[in-house]
Amino acid sequence: MRIEDEVTRVRDGAGWTRLSRLGLIRVAGPQRAKFLHNLLSNDISGLTPGQSRLAALMNLKGQQVAWMRVMAESDALICELPLEVRDAVVDTFLHYKVGAPVRFEKVDAAIFGLFGGRAPEALIALGLTSIPTGIETFTTDSFSGHSVRVSRGRDLPAGGFTLHAAQAAVMALEEELRSTLGEAIGPTALETLRVEEGLPWHGIDVKEENLLHETGQLKVYHSPAKGCYLGQEVVARLEGRGGNVNKRLVGLKCSRAVSSGEDIKADGKIVGQVTSAGVSPEFGPIAMGYVHRTQGDEGALDINGALAEVRALPFRF
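Predicted, not measured: the structure shown is a model, and the values here were computed from it. (Residues numbered from 1 in each chain as written. Predicted model: local features only at pLDDT ≥ 70, side-chain atom pairs only at ≥ 80, totals over all residues. Heavy atoms only, no water.)

S.K.: An account of the environment of Leu57 is requested, with residue identities and associated values reported.
M.R.: On the secondary structure map, Leu57 appears in strand 3 (residues 52–58). For Leu57, a relative accessible area of 0% corresponds to the buried category. Excluding residues within four positions of it along the chain, Leu57 makes contact with Leu39, Leu40, Gln63, Gln64, Val65, Ala66, Met68, Val89, Thr92, Phe93 and Leu230. (Helix = DSSP H or I, 4+ residues; strand = E, 2+ residues; numbered from the N terminus. Buried < 20%, exposed > 50% of the residue type's maximum accessible area, 1.4 Å probe, protein only. Contact = heavy atoms within 4.5 Å.)

S.K.: Kindly report on the layout of surface pockets, identifying the contributing residues and their values.
M.R.: Put simply, the largest pocket is a space of about 270 Å³. Lining the largest pocket are 18 residues, and of these Gly216, Leu249, Val250, Ala312 and Leu313 sit closest to its centre. Sorting the residues of the lining of the largest pocket by element identifies helix 7 (212–215), strand 11 (247–254) and strand 16 (306–311) as the ones contributing at least two each. It is strand 11 that contributes the most residues to the lining of the largest pocket, four residues altogether. Among the residues forming the lining of the largest pocket, the class breakdown is seven nonpolar, six polar and five charged. (1 Å grid on protein atoms, 1.4 Å probe; cavity = no way out; pocket = protein on both sides within 12 Å on 5 of 7 lines; lining within 4 Å. Points joined across faces, edges and corners; volume = space filled by probe spheres on them. Nonpolar A, V, L, I, M, F, W, Y, C, P; charged D, E, K, R; others polar.)

S.K.: Pulling in residues and values, what's your account of the packing of aromatic side chains?
M.R.: Counted by the stated rule, this structure contains six aromatic pairs. By way of ring pairs, the aromatic residues Phe35, Phe93 and Phe104 are connected into one cluster. Between the NZ or CZ atom of Arg194 and the centre of the ring of Trp201, over which it lies, the distance is 4.7 Å. Its end group placed over the ring of Tyr290, Lys247 keeps NZ or CZ at 5.5 Å from the ring centre. (Phe/Tyr/Trp six-rings, centres within 6.5 Å; stacked < 30°, edge-to-face > 60°. Lys NZ or Arg CZ within 6 Å of the ring centre and 35° of its normal.)

S.K.: If you had to explain the sheet that holds strand 3 to someone new, which residues and values would you point to?
M.R.: Here we have five strands laid out as an open sheet, ordered 3-4-5-2-6, and antiparallel in their pairing. Two strands close off the open sheet at either side, each with one partner strand: strand 3 and strand 6 (103–107). Here the strands of the sheet are splayed against their neighbours by 30 degrees on average, with no regard to which way each runs. The pairing of strand 3 with strand 4 (residues 64–72) spans seven bridges and is antiparallel. Its bridge partner lying in strand 4, Ala56 is registered against Trp67. Contacts between helix 3 (residues 86–97) and the sheet are confined to strand 2 (22–28), strand 3, strand 4, strand 5 (77–82) and strand 6, with strand 6 contributing the most and set at about 170 degrees to the helix. (Pairing = 2+ DSSP bridges. Axes fitted to C-alpha atoms, helices over the stretch in contact; angles between N-to-C directions.)

S.K.: Would you mind going over the nonpolar core in detail, with residue names and values included?
M.R.: In terms of nonpolar packing, the biggest core is built from 26 residues, with Leu36, Leu57, Met68, Val70, Val89 and Phe93 touching the most fellow members. Those elements giving two or more residues to this core turn out to be strand 2, helix 2 (32–39), strand 3, strand 4, strand 5 and helix 3. Setting aside chain neighbours within four positions, we find Val70 in contact with Leu36, Leu40, Ile44, Leu47, Gln51, Ser52, Arg53, Leu77, Ile78 and Cys79. (Core = buried A, V, L, I, M, F, W, Y, C linked by side-chain atoms within 4.5 Å.)

S.K.: A description of the sheet that holds strand 1 (residues 15–18) should follow, citing residues and the corresponding values.
M.R.: Strand order in the open sheet made by the five strands is 1-7-10-9-8, with antiparallel pairing throughout. The sheet is open, and its two edges are formed by strand 1 and strand 8 (137–143), each paired on a single side. Taking the axes of each pair of neighbouring strands and ignoring which way they run, one obtains an average angle of 25 degrees across the sheet. Of the pairings in the sheet, the one linking strand 7 (residues 109–115) to strand 10 (residues 161–166) comprises six bridges and is antiparallel in character. The residue bridging Phe112 from the neighbouring strand is Leu163, located in strand 10.

S.K.: Pulling in residues and values, what's your account of unusual backbone geometry?
M.R.: The residue after Leu313, namely Pro314, is reached through a cis peptide bond having omega 0 degrees. Among the structural elements, Pro314 can be located in the segment after strand 16. For Ser144, which is not glycine, the phi dihedral falls at a positive 55 degrees. Along the polypeptide, Ser144 turns up in the loop between strand 8 and strand 9 (146–152). By relative accessible area, which is 49% here, Ser144 ends up partly exposed.

S.K.: Describe the pattern of salt bridges, with residues and values.
M.R.: The full count for this structure, using the stated rule, is 16 salt bridges. The closest approach of N and O atoms between Glu121 and Arg118, which form a salt bridge, is 3.2 Å. A residue is classified by how much of its surface remains accessible, and Glu121, at 46% relative accessible area, is partly exposed. When salt bridges that share partners are traced, they join Arg69, Glu80, Glu136 and Asp155 into one network. (Salt bridge = Lys/Arg side-chain N within 4 Å of Asp/Glu carboxyl O.)

Read these as spatial facts, not as claims about activity.
Here you go:
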């Protein structure tokens, strides 16, 4: 199936995939909220059970160690984050624990993504009865005799949900999703959905060397009312200078399909790199990538012979 057709199928209905790139950390103990609040860029202390919030863990240089979703349960906080940085995050937590009564557990769970306007109907078809309706909220339900956490987040395209399932329920859940919605959507279709909505993901569009201001996601992952947290001085310094950074994440409308990792050039000089790309049924070949701040909002660039017009994100509201 063409990428454009997959994207249309999801937006008009629903689609699913296994989000193997994600993992979970369970943070428990009486000072869990205070502990994470003091480390992360967003307000964690104000979360109540059933609420979640996106936040960044940065280093002292303001670089991105991890982006995560923090979910408040009655007796723990659950961090959903890229698996490739989970060990580094746990190590960072342990480094700053300094006697605080908090505990960290790497949770052995499978994570699925469900996307599209009919995703809530698909969840009901799975036999789930408790579906989160608000953005950055979650519920806990049961599937095949196992507990399943269902989350709705603002960093998920096409009104998406994530499902956290025990490994023992994975085969049955995959079988039911395939029976209800057909085969899983491909990675390029998911990438296209994200690019259309201008949703960067850590580990793909955001790496450790990036600053939060470069990503265009400061308002999503940061609370201006917060006091101290890791990287706070860098964020505050940039805010005091009008948020000016040397590069920024932009949308690119291309004359042909391009791929992540390709260099972006202006006048023969490399000015950035593609981070995510796809083919949209509405906008044609599109991508996200970082370009130097000297490139105009509507400038024309080159990606291996393909003309690329700089566009403000998102392409699709």
